[in-house]
Amino acid sequence: MMGYDAWGAELPVEMYLDSCQASYKYKQGTFYVLQDDFGKLLSSCIVYPLTAFGGVVSERAVGIGSLATPAQQRHRGFATLLLAMLMERLEAEGVDAFFIHSDIHPRLYENLGFAPAPEKCYDKSEGTIPMLRLAGDRSIAPELWQGPTPAE
Ligand SMILES: CC(C)(COP(=O)(O)OP(=O)(O)OC[C@H]1O[C@@H](n2cnc3c(N)ncnc32)[C@H](O)[C@@H]1OP(=O)(O)O)[C@@H](O)C(=O)NCCC(=O)NCCS
């Protein structure tokens, strides 16, 4: 329900939840939540295994999606904290690149070290901004910005 106002498309709550439960996309990933000491949910997102846009960047990349904070808890840094903690943990587990499709102004992600992904990734972006962050604050090597275009 955290992202209901953004993704509910004015569906009745029950229909929206049914669509989430049935979502093929959601079944592919793992949801992570940030909660306080009393178990109150503060922010959440999903992490997908990803062969980084056809192996362009790394075999150990993941996609992060559906970042959401309950409406009454927004602008308190919870989404930023969730992503920062999550990426630190995933990096320790060997993940070396993170992708996000930003539906919003990219500032939130830029502050966490994301930069716009190589242009060749844009064909799948459907109006969102694909963003990439390499583990260990590495920058994106120039050769990763080249290679075959999607049409090739
Ligand atoms: C986007 C969202 C997850 C941010 O959650 P949050 O816990 O409020 O995020 P933070 O407090 O960590 O935000 C830090 C900064 O990111 C930026 N930011 C946050 N939400 C933003 C939004 N909707 N649009 C543009 N910038 C945003 C702001 O710079 C914010 O700083 P501020 O609070 O001083 O203005 C939340 O607004 C939400 O759930 N929205 C609906 C779902 C959605 O659109 N998700 C984004 C998918 S890409």
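Residues numbered from 1 in each chain as written. Predicted model: local features only at pLDDT ≥ 70, side-chain atom pairs only at ≥ 80, totals over all residues.

### Looking at the sheet that holds strand β3 (residues 61–68)
In any sheet, the strands associate via hydrogen bonds between backbone groups, in a parallel or an antiparallel arrangement.
Thinking step 1. The six strands are arranged β1-β2-β3-β4-β6-β5 in an open sheet whose pairing can be described as mixed. Strand pairing shows two members of the sheet lacking a second neighbour, β1 (30–35) and β5 (115–116), which therefore form its edges.
Thinking step 2. Pairing between β5 and strand β6 (residues 129–134): two bridges, direction antiparallel. Bridged to Pro116 within β6 is Met131.
Thinking step 3. Helix-sheet contacts for helix α5 (residues 78–92) involve β1, β2 (41–50), β3 and β4 (97–102), and the interaxial angle to β2 is about 40 degrees. (Pairing = 2+ DSSP bridges. Helix = DSSP H or I, 4+ residues; strand = E, 2+ residues; numbered from the N terminus. Contact = placed C-beta atoms within 7 Å. Axes fitted to C-alpha atoms, helices over the stretch in contact; angles between N-to-C directions.)

### Focus on the site of the ligand
Thinking step 1. The environment of the ligand is made up of 20 residues, and the closest members are Arg74, His75, Ala79, Thr80 and Leu108.
Thinking step 2. At the level of elements, β3, α5 and α6 (107–110) are the ones that each hand at least two residues to the shell around the ligand.
Thinking step 3. The element contributing the most residues to the shell around the ligand is α5, with three residues.
Thinking step 4. In terms of residue class, the shell around the ligand is made up of eight nonpolar, eight polar and four charged. (Near = placed C-beta within 6 Å. Nonpolar A, V, L, I, M, F, W, Y, C, P; charged D, E, K, R; others polar.)

### Some words on the environment of His105
Thinking step 1. Mapped onto the fold, His105 is located in the loop between β4 and α6.
Thinking step 2. A tally of 9 C-beta atoms within 10 Å means that His105 is categorised as exposed.
Thinking step 3. Sequence spacing of His105 and Thr128 is 23 residues, and the spatial spacing of their C-alpha atoms is 9.8 Å. (Buried ≥ 20, exposed ≤ 12 C-beta atoms within 10 Å, placed from the backbone.)

### Details of the nonpolar core
Thinking step 1. Residues Ile64, Phe98, Phe99, Ile100 and Leu132 are the most contacted members of the largest nonpolar core, which totals 23 residues.
Thinking step 2. Those elements that place two or more of their residues in this core are β2, β3, α5, β4 and β6.
Thinking step 3. At five residues, β3 tops the list of elements feeding residues into this core. (Core = buried A, V, L, I, M, F, W, Y, C linked by C-beta atoms within 7 Å.)

### Comments concerning unusual backbone geometry
Thinking step 1. Positive phi, normally seen in glycine, also occurs at Ala9, with a value near 45 degrees.
Thinking step 2. Along the polypeptide, Ala9 turns up in the loop between α1 (4–7) and α2 (13–22).
Thinking step 3. By the C-beta count within 10 Å, which is 9 here, Ala9 ends up exposed.
Thinking step 4. Positive phi, normally seen in glycine, also occurs at Glu10, with a value near 60 degrees.
Thinking step 5. Here Glu10 is to be found in the loop between α1 and α2.

### Side note on the pairing of β2
Thinking step 1. As defined by bridge partners, β1 adjoins β2 across six bridges and the pair is classed as antiparallel. Counted as the bridge partner of Thr30 is Val47 from β2.
Thinking step 2. The antiparallel pairing of β1 with β2 creates a hairpin that spans five residues between the two strands, and Gly39 there sits at a positive phi of about 85 degrees.
Thinking step 3. Sheet analysis places β2 next to β3, joined by six bridges and oriented antiparallel. Counted as the bridge partner of Val47 is Ile64 from β3.

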